[in-house]
Amino acid sequence: MIRIAVLASGSGTNLQALLDADLLPGEVVLVASDKPDAQALGRSRMKGIPSIGLDRKTLGRKAFEQTLEDLLGEHAVDLIVLAGFLTILSAPFVNAHRNRIINIHPSLLPSFGGKGYYGERVHEAVLKRGVKISGATVHLVTEEADEGPILAQQALSVADDDTPTSLGQRILKTIEWTLLPKTVQQYCRKLEEEMQLETYLKGLRYPGRGILCGLSEEGKALLIYFITARSKHSRNRMLVAQNEMVRTQAIDESLLVDPSLIIYRAIDRIGNAFVVANGDQSDAILASLACGHSFEEGLAAATYEPDAPNYTPRISALFQTGGPISYTLSILRRREDGSCEHAFFPSAKLQAGEGHLIHTYEKEEEPLSSFAGEPRKMLLKGSGETLAQGVWQSLDERVRVGLCVKEIDLDTHEVQTIIINAEERR
Ligand code: GAR
């Protein structure tokens, strides 16, 4: 499901159109306003949707955007729709949500858009200029107000006796109320496709090592670990299961020069806590958990790998499958000044058919660049078995080395382990 937040400042008739429409695979999960008393908020409250009015004037732009960011994170929002939202969002905010903010504007952009053109002012300018055709535009939001890529447009004729109000109402009622929901739904379908784990992986040539935690559509816990590698030394590996533990093992022991970064426990468990890691930090994490300490404490002394010039990040995950289900993904990566960032990403809302993926390399360039930003939300179709086949097929066959999928039934605690190695397929 694509989780939508709608931001509105005024009467919220476009919000109403979104609430009344079928947006599937999208769903409005949050509504927020820059005005605490915006009429729009009443419409979504009636539907039981969390609706929050923030006073931007009192808060100031920075605190307003930070509060908004916190809310978006809390509600695990994937897409933001501006439906008559009159605050211009800052460049850092917009860039943090690239291709994830949609706006509707009541003119045929690029005409009559940008700073100062909002609500009736747009129609006043249209009438003053004497244009004969106007309409509405739905577009993606970029740093420059009203200048992002256009997703949809619809036009109508301006009548000789139109006033700003009559023109605005006609555009709203005959165009905006249908164009916005229709375009949002189309965009949600596109996002849904892009967010499929297999589609995402197919788009990467060299992700390095990857960890995914999530829930299958059936609601079973899923842990996925994959290895892609380029060098002969690093490719001389396979994943093997020893009881519940999964580790890496050299295919040809005689070729093993330095095992320190390539031979390790990739997945293990202590009670109901499963640990996944791309290196021997798994030992430190499991030792920490064994003495009642935390995942974070277990990683406190660890850093990125010393494999200059790539400085491969150490990625790890903890999946708690007993009591309240939760997972945390972590990355230890090199900052520009050489220091190590210890980043932890606890799961917000766990939903069936969704998970979060982290992998070591962002781009295949020399040296390799570390995974940037936060774990990516992925949509997961089918069972562990189908996902294992799908993920394996999606990894570039020139670099894929091994894959392990663990599927855990949260009621019976039964664990199914699927391992695929390139070696066995040769
Ligand atoms: C709509 O006409 C929308 O296009 C416009 O505000 C109105 C909101 O109406 N947006 C802008 O001008 C953005 N620059 P609503 O509150 O009834 O949906």
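Before going into details, it helps to say that this report is about the structure given with it.

**Thoughts on the site of the ligand**
Here comes step 1: Neighbouring the ligand are 14 residues, the closest being Ser11, Gly12, Thr13, Asn14 and Glu176.
Here comes step 2: One nitrogen or oxygen atom from the main chain of Gly12 is found 2.8 Å from an oxygen atom belonging to the ligand.
Here comes step 3: Here an oxygen atom of the ligand and a side-chain polar atom of Glu176 are 2.6 Å apart.
Here comes step 4: Calculation on the ligand without its partners gives an accessible area of 450 Å², and the protein chains cover 89% of this total.
Here comes step 5: Residue assignment for the shell around the ligand shows that the elements contributing at least two residues are α1 (13-20), β5 (101-105) and α7 (164-194).

**Concerning the packing of helix α6 (residues 120-129) against α7**
Here comes step 1: Here α6 crosses α7 at 115°, and the two axes come no closer than 9 Å. By the criterion of interaxial angle, the relationship of α6 to α7 is roughly perpendicular. The interaxial crossing formed by α6 with α7 has right-handed handedness. Each of Glu120, His123, Glu124, Val126 and Leu127 in α6 lies in contact with α7, whose residues at this interface are Pro164, Thr165, Leu167, Gly168 and Ile171.
Here comes step 2: The class makeup of the residues in the contact of α6 with α7 is 5 nonpolar, 3 polar and 2 charged.

**Considerations on the sheet that holds strand β20 (residues 376-379)**
Here comes step 1: Taken together, the 6 strands give an open sheet; going across it, the order is β20-β17-β8-β9-β21-β22, and neighbouring strands pair in antiparallel fashion. The strands lining the two open edges of the sheet, one partner per strand, are β20 and β22 (415-421). Going from strand to strand, the sheet's axes swing by 20° on average, the running direction of each strand aside.
Here comes step 2: Here 8 bridges tie strand β9 (residues 221-228) to strand β21 (residues 400-408), and the two strands are oriented antiparallel to one another. In the sheet register, Leu223 faces β21, and the bridge partner there is Lys406.
Here comes step 3: Helix α12 (residues 384-394) contacts β9, β21 and β22 of the sheet and is inclined by roughly 160° relative to β21.

**Quick notes on the sheet that holds strand β3 (residues 51-53)**
Here comes step 1: Overall, mixed pairing links the 7 strands, which are arranged β3-β2-β1-β4-β5-β6-β7 in an open sheet. Each of the sheet's edge strands pairs with one partner strand only, and the pair in question is β3 and β7 (150-157). Between one strand axis and the next, the sheet turns through 20° on average, direction left out of account.
Here comes step 2: Note: β5 against strand β6 (residues 133-140), 4 bridges, orientation antiparallel. Note that in β6 the partner of Asn103 across the bridge is His139.
Here comes step 3: Where helix α4 (residues 61-74) meets the sheet, it contacts β1 (2-7), β2 (26-33), β3 and β4 (79-82), and its direction lies at approximately 155° from that of β2.
Here comes step 4: Against the sheet, α7 contacts β1, β2, β4, β5, β6 and β7, and its axis sits at roughly 160° relative to β7.

Procedures and definitions
Residues numbered from 1 in each chain as written. Predicted model: local features only at pLDDT ≥ 70, side-chain atom pairs only at ≥ 80, totals over all residues. Heavy atoms only, no water. Near = heavy atom within 4 Å. Polar contact = N/O pair within 3.5 Å; in protein donor to acceptor, adjacent residues only side chain to side chain. Areas by Shrake-Rupley, 256 points an atom, 1.4 Å probe, with all protein chains shown as cover. Helix = DSSP H or I, 4+ residues; strand = E, 2+ residues; numbered from the N terminus. Axes fitted to C-alpha atoms, helices over the stretch in contact; angles between N-to-C directions. Parallel < 35°, antiparallel > 145°, perpendicular 65-115°, else oblique. Left-handed = near helix turned anticlockwise from the far one by under 90°. Contact = heavy atoms within 4.5 Å. Nonpolar A, V, L, I, M, F, W, Y, C, P; charged D, E, K, R; others polar. Pairing = 2+ DSSP bridges.

Read these as spatial facts, not as claims about activity.
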